[in-house]
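Structural overview
Listed here are the chains, written in short residue letters.
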Amino acid sequence: MAGPGGDMQWCFSQVKGAIDDDVAEADIISTVEFNHTGELLATGDKGGRVVIFQQEVENKNLPQFRSEYNVYSTFQSHEPEFDYLKSLEIEEKINKIRWLPQKNAAQFLLSTNDKTIKLWKISERDKRPEGYNLKEEDGRYRDPNTITALRVPVLIPMDLMVEASPRRVFSNAHTYHINSVSVNSDDETYLSADDLRINLWNLEITDRSFNIVDIKPANMEELTEVITAAEFHPHQCNTFVYSSSKGTIRLCDMRASALCDKHSKLFEEPENPSNRSFFSEIISSISDVKFSHNGRYLMTRDYLSVKIWDLNMENRPVETYQVHEYLRNKLCSLYENDCIFDKFECCWNGNDSVVMTGSYNNFFRMFERGQRRDATLEASRENSKPLQVLKPRKVCTGGKRKKDEISVDSLDFNKKILHTAWHPQDNIIAVATTNNLYIFQDKVN
Amino acid sequence: MQCSAAPRITSGGQIENPLEHWLSITEKNANPVKAEEAKLKAKYPGLGQKPGGSDFLMKRLQKGQKYFDSGDYNMAKAKVKNKQLPVAGPEKNLVTGDHIPTPQDLPRTRKSSLVTSKLAGQI
């Protein structure tokens with residue numbers, strides 16, 4: 001990934017979405033996810049819609065090999081609902097999309113809103129049958145008495161049609177709001193997590209699910225923490241982790257007991273008591289947790305940093321990266337405008353050597369683990385000429401502001417990059433601003 | 001708290017952020033978060049004793065909750081038919097004893113957006 005100067009070099013590839021500043025709420029992107037080969041890229045939005053892009057690979061032998069993602073399928077996954085019994089409005093916003101590994105010609109994904117998970121099948125149709133004996137081409141039935149000869153229907157090619165159909169609906173299992181789904185490596189089960197509970201499902205069975213974690217206290221007055229994210233281990237089908245609003249991560253082994261309320265490992269970095277403040281707990285709340293592809297590390301994102309944990313060491317992370325440390329002396333106003341509660345996600349690259357996360361002002365950050373190098377890049381329409389190399393951005397924290405730097409007070413806190421995704425093999429990244437999806441790829445020399 | 005820092009005066013002759021007068025410079029430099037906390041407490045003296053505790057979590061768990069009681073509504077309408085009904089505050093979703101819901105506040109199942117996502121609008 002290093003260019004001739006030893007710096008990371010990313011180029012603009014594509015941007016999707018409307019240009020106008022007036023953003024309709026439904027268009028706010030709420031999740032971005034590549035499938036296991038990277039050929040498909042799915043987005044979910046606040047309006048409950050899913051858009052899937054497919055990579056169309058231009059000739060790989062060309063010197064400037066570029067891949068383009070074009071719309072493959074789009075459908076309405078969830079609708080707004082109202083639970084009259086509990087007087088609860090259920091948003092249609094797609095909280096998470098997770099792809100299943102491909103097993104046949106069709107593609108499958110799980111999409112979830114606050115209460116209901118759906119398994120969608122996306123399949124292609126490029127042939128249609130013609131020449132039925134009892135049916136005309138327009139569908140009208142033929143009178144059998146008029147048929148004098150038999151013919152064999154043939155399949156003729158047609159324009160590619162991509163169809164999405166809901167194959168399973170997993171509902172009524174969550175009292176609280178679902179924040180995560182994670183497909184197990186056993187290809188049979190998946191978990192869904194809400195604020196207080198985690199359930200285990202079989203992909204085939206919708207009327208039953210097993211509760212595997214329950215942190216609801218007997219007396220709700222004693223509630224001190226909630227579950228913020230959960231994920232299965234990439235290879236060990238018995239292992240999963242969940243993170244909390246108090247900054248802890250618990251690793252659980254489903255072989256140990258049916259109810260995994262007792263963790264097998266607890267990852268927590270002890271806090272320096274002199275640093276304790278009103279904000280400590282809020283900024284330590286983990287907004288995302290991701291296993292590395294090799295299954296040896298865990299990455300967590302809290303408000304100001306990204307931490308890498310070795311699964312074999314529970315008492316502190318092995319690496320900590322500051323995302324936007326300059327916000328530490330803005331916490332008061334970030335609390336007042338609610339930004340302190342923003343939930344940023346994070347992701348690994350294919351070989352676990354680089355991690356990425358978003359920030360404000362449409363900036364996003366990359367940390368190269370081995371090289372101890374990091375970069376701040378910006379997703380904006382101004383840097384969107386084809387193959388334009390992204391210039392590193394710098395935030396000036398005080399004193400004299402250099403040219404091209406931006407001061408902390410000029411940052412636009414409404415422009416947040418919460419969702420990013422990295423192609424599982426190549427250096428192609430998808431970065432979601434409020435309502436636009438940017439695709440960048442590394443410069444091919 | 002002793003004020004050991006002189007108030008800063010801008011070139012325009014105004015006193016910069018009076019709250020900062022009450023913090024010693026060394027303390028502010030050593031722990032910017034403590035300074036931020038002091039700022040917040042100065043603005044909201046009644047802020048909860050449990051930092052990041054139950055209040056936040058309860059609010060998070062109650063997301064989406066809407067209330068309407070037609071009995072309350074009709075009784076309130078009858079009682080105050082000549083006076084103005086107390087209108088809903090900015091936090092319409094929170095239940096408060098004296099908030100009388102109006103038909104505008106009624107939870108209405110929103111129609112799903114039948115518009116295609118703008119992401120799919122371009123190639």
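The numbering scheme is per chain: residues are counted from 1 as the chain's sequence reads. The order in which chains are written sets their letters, starting at A; the order in which ligands are written sets their numbers, starting at 1. With the structure being a predicted model, the display of local features is reserved for residues of pLDDT at least 70 and the display and counting of side-chain atom pairs for 80 or more, all residues being used for whole-chain, interface and lining totals. For side-chain calculations, the full set of non-hydrogen atoms in the structure is used, while hydrogens and water are omitted.

When its secondary structure is counted, chain A shows 2 helices and 32 strands. Over its C-alpha atoms chain A spans a radius of gyration of 24 Å, differing by no more than 12% from the 22 Å that the globule rule assigns to 445 residues. Across its three principal directions, the C-alpha atoms of chain A cover 95 × 60 × 40 Å. Under the scheme applied here, a residue whose accessible area is under 20% of the maximum for its type counts as buried, over 50% as exposed, and between as partly exposed, the area being computed with a 1.4 Å probe on protein chains only. Considering chain A as a whole, with its 445 residues, one finds that 53% of them fall into the buried category. Contacts: residue pairs with any heavy atoms within 4.5 Å of one another. Long-range pairs, those at least 24 residues apart, make up 54% of the contacts in chain A with a sequence separation of at least 6. Of the roughly 20,600 Å² of accessible surface on chain A, 47% is carried by carbon and sulfur atoms. The positive charge centre, built from 55 side chains, and the negative charge centre, built from 67, are 3 Å apart in chain A. Labels follow the DSSP assignment, with helices taken as runs of H or I lasting at least four residues and strands as runs of E lasting at least two, numbered in each case from the N terminus. Only C-alpha atoms enter the radius of gyration; for comparison, a globular chain is expected to reach 2.2 Å times N to the power 0.38, where N is the number of residues. In short, Shrake-Rupley with a 1.4 Å probe defines the accessible areas, and a residue's cover is counted only from the protein chains shown. Positive charges come from Lys and Arg, negative ones from Asp and Glu, while His and the chain ends are left out of the count. Working definition for charges: the position is that of NZ of Lys, CZ of Arg, CG of Asp or CD of Glu.

With 62 residues of chain A at the interface, the matching set in chain B holds 40 residues. Taken together, the two surfaces of chain A and chain B that pack against each other cover about 4,400 Å², and 56% of this comes from carbon and sulfur. Note: buried area is the sum, over both parts, of the accessible area (probe 1.4 Å) each one loses when the two are combined. Broken down residue by residue, the surface that chain A buries against chain B is led by Glu89, Phe278 and Cys332 of chain A, which jointly contribute 15%. Any Lys or Arg side-chain nitrogen located within 4 Å of an Asp or Glu carboxyl oxygen qualifies as a salt bridge. Between the two partners, chain A and chain B, sit 5 salt bridges. With a shortest N-O distance of 3.2 Å, Lys63 of chain B and Asp114 of chain A are connected by a salt bridge. Any pair of nitrogen or oxygen atoms within 3.5 Å is treated as a polar contact; in protein, a donor-acceptor pairing is required on top of that, and neighbouring residues in sequence qualify only through side-chain atoms on both sides. Joining chain A to chain B, the criterion identifies 12 residue pairs in polar contact (both at pLDDT 80 or more). When residues in the side of chain A that touches chain B are grouped by element, the largest group, 5 residues, is from helix α2 (residues 331-336) of chain A.

Looking at any residue, its pLDDT shows the predictor's confidence there, from 0 to 100. Taken residue by residue, chain A gives an average pLDDT of 93. The fraction at 70 or more is 96%. Throughout residues 1-6 of chain A the model reports pLDDT below 50, and contacts reaching past four residues in sequence, or to other chains, amount to 16 contacts.

Residues and elements named next belong to chain A. Following the criterion strictly, the structure yields 35 salt bridges over all chains and no others. For Glu345, the salt bridge identified is with Lys96, shortest N-O distance 3.7 Å. Remark: Lys96 occurs in strand β8 (residues 96-99) and Glu345 occurs in the loop between α2 and β24 (346-348); sequence separation between them is 249 residues. No difference in accessibility class separates Glu345 from Lys96, as the two residues are buried. Where Lys290 meets Asp288, a salt bridge forms, and the shortest distance between an N and an O atom there is 2.9 Å.

In this model, helix α2 (residues 32-43) of chain B (12 residues) spans 17 Å end to end at C-alpha, consistent with the 16 Å of a helix rising 1.5 Å per residue. Of the positions making up α2 of chain B, those classed as buried are Val33, Ala35, Glu36, Glu37 and Leu40 of chain B. In a helix, the anticipated span is given by 1.5 Å times the number of residues less one.

This part takes up the pairing of strand β10 (residues 117-130) of chain A. By the convention used here, strands pair only if DSSP detects at least 2 bridges between them. Note: strand β9 (residues 107-112) of chain A against β10 of chain A, 6 bridges, orientation antiparallel. Residue pairing across strands places Ser111 of chain A opposite Lys118 of chain A, the latter belonging to β10 of chain A.

This next bit is on empty space enclosed by the protein. In this analysis a 1.4 Å probe is tested at points of a 1 Å grid over the protein atoms alone, and where it fits but cannot get out there is a cavity; an open set with protein on both sides within 12 Å along at least five of seven lines is a pocket; lining residues have an atom within 4 Å of a point. Grid points are joined across faces, edges and corners, and a volume is the space filled by probe spheres set on the points. Overall, the coordinates contain 1 cavity of 30 Å³ or more when judged by the stated rule. Considered as a void within the structure, the largest cavity measures approximately 50 Å³ in volume. In terms of lining, the largest cavity is formed by Ala18, Asp27, Ile29, Asp45 and Asn435 of chain A together with Ser117, Lys118 and Leu119 of chain B. A breakdown of the residues in the lining of the largest cavity according to their chemical character gives 3 nonpolar, 2 polar and 3 charged. Under the scheme applied here, ten amino acids are nonpolar (Ala, Val, Leu, Ile, Met, Phe, Trp, Tyr, Cys and Pro), four are charged (Asp, Glu, Lys and Arg), and all others, including Gly, are polar.

Attention shifts here to the sheet that holds strand β3 (residues 40-45) of chain A. All names here are of chain A. If you walk across this open sheet you meet the 4 strands as β2-β3-β4-β5, and the pairing is antiparallel. Among the strands making up the open sheet, the edge pair consists of β2 (29-34) and β5 (67-76). Mean inter-strand twist for the sheet, computed between neighbouring axes without regard to direction, equals 20°. Of the pairings in the sheet, the one linking strand β4 (residues 49-57) to β5 comprises 9 bridges and is antiparallel in character. By the bridge assignment for β5, Val57 is matched with Ser67. In this description, a line fitted to the C-alpha atoms serves as the axis of each element, helices being fitted only across the stretch in contact, and the angle between N-to-C directions of two axes falls anywhere from 0 to 180 degrees.

The next point concerns the state of the cysteines. Residue and element names in this part refer to chain A. Two cysteine sulfur atoms form a disulfide, by the criterion used here, when they sit within 2.5 Å. Taken as a whole and assessed by the stated rule, the structure comprises 0 disulfides over all chains. This cysteine, Cys237, is not joined by any disulfide, and Cys260 carries the nearest cysteine sulfur, 13 Å off. On the accessibility criterion, Cys237 (36% relative accessible area) is partly exposed. Its sulfur unpaired, Cys347 is 7.2 Å from the next cysteine sulfur, which belongs to Cys346. Cys347 sits in the buried class, given a relative accessible area of 6%.

Moving on: the side chain of Asp342 of chain A. Residue and element names in this part refer to chain A. Take Asp342: it is sitting in the loop between α2 and β24. Within polar-contact distance, the side chain of Asp342 engages the side chain of Tyr360 at 2.8 Å. Here the side chain of Asp342 touches Lys416 through a polar contact of 2.9 Å, side chain to side chain. In this structure, Asp342 is in contact with Tyr303, Tyr360, Lys416 and Leu418, ignoring residues within four places of it in sequence.

Take the sheet that holds strand β18 (residues 249-253) of chain A next. Residues and elements named next belong to chain A. The 4 strands are arranged β16-β17-β18-β19 in an open sheet whose pairing can be described as antiparallel. Two strands close off the open sheet at either side, each with one partner strand: β16 (227-232) and β19 (265-267). The sheet shows a mean angle of 20° between the axes of neighbouring strands, direction not considered. Sheet analysis places β16 next to strand β17 (residues 239-244), joined by 5 bridges and oriented antiparallel. Its bridge partner being in β17, Ala229 is matched across the sheet by Ser243.

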